[in-house]
Amino acid sequence: MEIKPGLSALVTGAASGIGKALSLALGAKGVFVTVVDFSEEKGKEVASLIEKENAKFHSRLDFPTSQFIRCDVTNTSDLAAAFEKHIATYGGLDICINSAGIGTDIPFHKDQTDGTRTWRRTLNVNLTAIIDCTRLAINAMRARQKPGVIINLGSASGLYPMYNDPIYAASKGGVVMFTRSLVPHKRQGIRINVLCPEFVETDMANKVSRKFVDMMGGFLPMQMVIKGAFELITDESKAGSCLWITNRRGMEYWPTPAEEAKYVLPSLAFRKKPSFKAPALQLPQSFEKVIVHTLSHNFRNATSVVRAPLRLPIQPHQVVVKILYAGVNASDVNFSSGRYFAGGGKDIASLLPFDAGFEAVGIIAALGESVRNLQVGTPAALMIYGGYAEFVTVTAKHVLPVPRPDPEVVAMLTSGLTASIALEKAGQMESKQTVLVTAAAGGTGQFAVQLAKLAGNTVVATCGGKEKANLLKELGVDRVIDYKDEDIKTVLKKEFPKGIDIIYESVGGKMFDLCLSALAVHGRLIVIGMISQYQGEHGWNPSNYTGLCEKILAKSQTVAGFFLIQYAHLWQQHLAKLFDLYSTGKLKVSIDPTRFNGVQSVADAVEHLHSGKSVGKVIVSIDPTFSNQMAKL
């Protein structure tokens, strides 16, 4: 949501501290603000200041650009009246910031009262009132069917223990988990996030020992909190997000995807009955597919399109899948040369002809009599040889059920899974690191940069061309290096003198050498491929790296190879995570705009990928007629 004049916001706890700062910052953008607070004197003063800010944007209005409403947020009737007055004045609600909060002065275990005026009131103001305000804000936004943003003020002490005030920590911890559980409201256009700053110099924070505050890095600048709140408002991908702000670590989202993966169950989208309903399917007597008939790195010369019979009935444990979309990979040329088969030269040639293609999505068209866990019409993903075909028959264990058979899901397979698993396992990625991704605008690079950014890292990416550079900037990359305009080595040496912590490398050759030299102490270089060496007159020739051992030994560095097939046990888990991120708007999937229709276009698609002109994942629509029919449903 763009913060612009004419929007309206309701802010609780707005007479002082963070609430006041956010109210004034919104007013400075021309936003109409309702100031809600218990302190009438301070509240009216803030409303007056906002009106002065708003005067730069608005004139001759027949309603106030800011208003104060005295309210005890623990009183449900008072709160409801405040929301009603705001809507009556401004005609709707675009932004709601629930900032009211207090601490406790008496340790709860020493409290001789029933806690009504002490620890129970802290819970009521800090947690119960936020739940009530969120409820009222959601209903107000839904009633007018307009998108809106709600920000709840948590605290860093809701993420870790606060020994001097456990009741405050409990209340803020409740706010964090309550807000993170509200992601589904994004479906109605309502995004609810929680802001968790560490110590900010307010009346409440000044009661904390200054020595302890200094140990934690000192007071946060209020401007940093405002910047975080505005990011949660403007970034459409943020829903159920928790932004942790400290002087020690800056702004980062908590928890990181790597931490989430330790306890989050596989996506409900993968376990519930899918809402997708496939059009009627008819099995033909024969179908077209791409086969490798001679071993060569020249994919076009190595392959041909043939018509094959669809043999029915199938074996008891088999499944027939109608392919809708197939993914194109740099390694298609390694496959067509026989590089991925065991054995040497003559033995590989004896396997000819064999089916081509690594990955595809489609719809289950037929089941063997022993298959019980799948149904005809279920969307399915495949990561086995033979994806460049109109139909494929496989054993049921190779079928990965997915929510929808869309092109974006194809991109999540080899490309997305490689990035997700490689960064976690080979890269041991955490947060607050510097991550470099080479060939970052390609199929797997686009996932790597986003996952690294979501984990709270500084992301650097290389690419060739302005179109690719623009895509990477849209994906949130901190520093894009377009090698057509800048020298990569010079940029890395000048701007990252301490080196790069994690490098996700897929180019090989001179780029590998450059990356190795740019690696930091304890750095990890993940080799997921070497596309620059795949094609050529002699194909893929091994390279010699003289002095490699001495180089990595001197700085305790790691060079790790990653081959996806050896991590098959993690595919379903990571595919569920990727789809969750995509379906909640946290992950974008870029599909190359060049259209390739039918198996006859596969060779064109492979050559397009290797031309260096592709932007995003290259996809072949195996049956465009069926895909168009499905899209209309």
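Residues numbered from 1 in each chain as written. Predicted model: local features only at pLDDT ≥ 70, side-chain atom pairs only at ≥ 80, totals over all residues. Heavy atoms only, no water.

## Describing the overall build of the protein
Then comes step 1: Scanning the protein for helices and strands turns up 21 helices and 23 strands.
Then comes step 2: Relative to the compact-globule value of 26 Å for 633 residues, the protein shows a C-alpha radius of gyration of 28 Å, a close match.
Then comes step 3: On the principal axes, the C-alpha backbone points of the protein span a range of 90 × 60 × 55 Å.
Then comes step 4: For the protein, with 633 residues in total, the buried portion stands at 56%.
Then comes step 5: Of the roughly 29,000 Å² that the protein leaves accessible, carbon and sulfur atoms contribute 52%.
Then comes step 6: Charge-centre separation for the protein: the mean point of 68 positive side chains lies 2 Å from the mean point of 56 negative side chains. (Helix = DSSP H or I, 4+ residues; strand = E, 2+ residues; numbered from the N terminus. Rg over C-alpha atoms; globule rule 2.2 N^0.38 Å. Buried < 20%, exposed > 50% of the residue type's maximum accessible area, 1.4 Å probe, protein only. Areas by Shrake-Rupley, 256 points an atom, 1.4 Å probe, with all protein chains shown as cover. Lys, Arg positive; Asp, Glu negative; His and termini not counted. Charge placed at Lys NZ, Arg CZ, Asp CG, Glu CD.)

## Considerations on the sheet that holds strand β20 (residues 500-505)
Then comes step 1: As summarised here, the arrangement of the six strands in space is β19-β18-β17-β20-β21-β22, forming an open sheet in which the pairing is parallel. In this open sheet, the two edge strands, each paired with only one partner strand, are β19 (479-482) and β22 (558-561). Each neighbouring strand pair of the sheet contributes to a mean axis angle of 15°, computed without reference to strand direction.
Then comes step 2: Across four bridges, strand β17 (residues 434-437) lies against strand β18 (residues 458-463) in parallel orientation. Pairing of L436 across the sheet is with V460, part of β18.
Then comes step 3: Strand contacts of helix α15 (residues 466-474): β18 and β19, with the helix running at about 165° to β18, the strand carrying the most contacts.
Then comes step 4: Strands β17, β18, β20, β21 (519-527) and β22 of the sheet are contacted by helix α17 (residues 510-518), whose axis makes an angle of about 150° with β21. (Pairing = 2+ DSSP bridges. Axes fitted to C-alpha atoms, helices over the stretch in contact; angles between N-to-C directions. Contact = heavy atoms within 4.5 Å.)

## A short note on the nonpolar core
Then comes step 1: Within the largest apolar cluster, 58 residues are counted, with the highest numbers of intra-cluster contacts made by L417, L423, F447, V449, L472, Y504 and I526.
Then comes step 2: The element that contributes the greatest number of residues to this core is helix α13 (residues 407-426), accounting for eleven residues.
Then comes step 3: Excluding anything up to four places from it in sequence, V449 contacts V437, A440, V459, A461, L472, L475 and V477. (Core = buried A, V, L, I, M, F, W, Y, C linked by side-chain atoms within 4.5 Å.)

## Examining the packing of aromatic side chains
Then comes step 1: Applying the stated criterion across every chain yields a total of eleven aromatic pairs.
Then comes step 2: Seen in terms of ring centroids, F32 and Y90 are 5.3 Å apart; in terms of plane orientation they differ by 10°. Their pairing is stacked. Taken as a pair, F32 in strand β2 (residues 32-37) and Y90 in helix α3 (residues 76-90) lie far apart in primary sequence, 58 residues in all. The same class applies to F32 and to Y90, which are both buried.
Then comes step 3: Summarising the aromatic geometry, the rings of F358 and Y385 are spaced 6.2 Å apart at their centres and angled 50° between planes, so their arrangement reads as tilted. (Phe/Tyr/Trp six-rings, centres within 6.5 Å; stacked < 30°, edge-to-face > 60°.)

## Let's talk about the environment of F512
Then comes step 1: Summarising the element assignment, F512 is placed in helix α17.
Then comes step 2: Placed 14 residues apart in sequence, F512 and I526 show a C-alpha to C-alpha distance of 10 Å.
Then comes step 3: Look past the residues within four positions of F512 in its chain and what remains in contact with it is E505, L525, V527, Y545 and V559.

## Side note on the sheet that holds strand β12 (residues 354-355)
Then comes step 1: Taken together, three strands build an open sheet; the order of strands is β10-β9-β12 and the sheet is antiparallel. A strand with exactly one partner marks an edge of an open sheet, and here the two such strands are β10 (303-309) and β12.
Then comes step 2: For strand β9 (residues 286-292) and β10, the ladder comprises seven bridges, and the chain directions are antiparallel. In the sheet register, K289 faces β10, and the bridge partner there is V306.

## What to know about the pattern of salt bridges
Then comes step 1: Here the structure, examined in full by the defined rule, presents 19 salt bridges.
Then comes step 2: The shortest N-O distance in the salt bridge between R191 and E236 comes to 3.4 Å. A residue pair is termed long-range when its members are at least 10 positions apart, and R191 in strand β6 (residues 190-197) and E236 in the loop between α7 (222-234) and β7 (242-246) qualify at 45 residues.
Then comes step 3: Judged by relative accessible area, which is 47%, E236 ranks as partly exposed.
Then comes step 4: A salt bridge links E607 to R300; its shortest N-O distance comes to 2.9 Å. On the criterion of sequence distance, the pair formed by E607 in helix α20 (residues 602-610) and R300 in helix α10 (residues 299-302) is long-range, its members being 307 residues apart.
Then comes step 5: Residue class for R300 comes out partly exposed when judged on its relative accessible area of 36%.
Then comes step 6: Each member of the salt-bridge network shares a partner with another, and the members are R300, D604 and E607. (Salt bridge = Lys/Arg side-chain N within 4 Å of Asp/Glu carboxyl O.)

## Remarks on the pairing of β6
Then comes step 1: Counting buried positions along β6 yields eight of eight residues, so the element is predominantly enclosed.
Then comes step 2: The alternating pattern of β6 places I190, I192, V194 and C196 on one face and R191, N193, L195 and P197 on the opposite face, and all of these are buried.
Then comes step 3: When strand β5 (residues 148-153) meets β6, the two strands line up parallel, connected through six bridges. Residue pairing for β6: N152 is matched across the bridge by V194.
Then comes step 4: Crossover handedness for the path β5 to helix α5 (residues 166-180) to β6: right-handed.
Then comes step 5: Across four bridges, the pairing between β6 and β7 is parallel. Each bridged residue has a counterpart across the sheet, and for V194 the counterpart in β7 is C242. (Right-handed = clockwise from strand over helix to strand, strands pointing away.)

## Describing unusual backbone geometry
A negative phi angle is the norm for most residues apart from glycine, just as the trans form is the norm for most peptide bonds.
Then comes step 1: Residue W254 is joined to P255 through a cis peptide bond whose omega torsion reads -10°.
Then comes step 2: Relative to the helices and strands, P255 resides in the loop between β8 (250-253) and α8 (257-260).
Then comes step 3: Omega for the bond connecting L352 with P353 falls within 30 degrees of zero, at -10°, which places this linkage in the cis form.
Then comes step 4: Residue placement: P353 occurs in the loop between α12 (345-349) and β12.
Then comes step 5: Backbone geometry places H522, a non-glycine residue, at a positive phi of 70°.
Then comes step 6: In this structure, H522 sits in strand β21.

Limitation: the analysis is restricted to geometry and does not speak to function.
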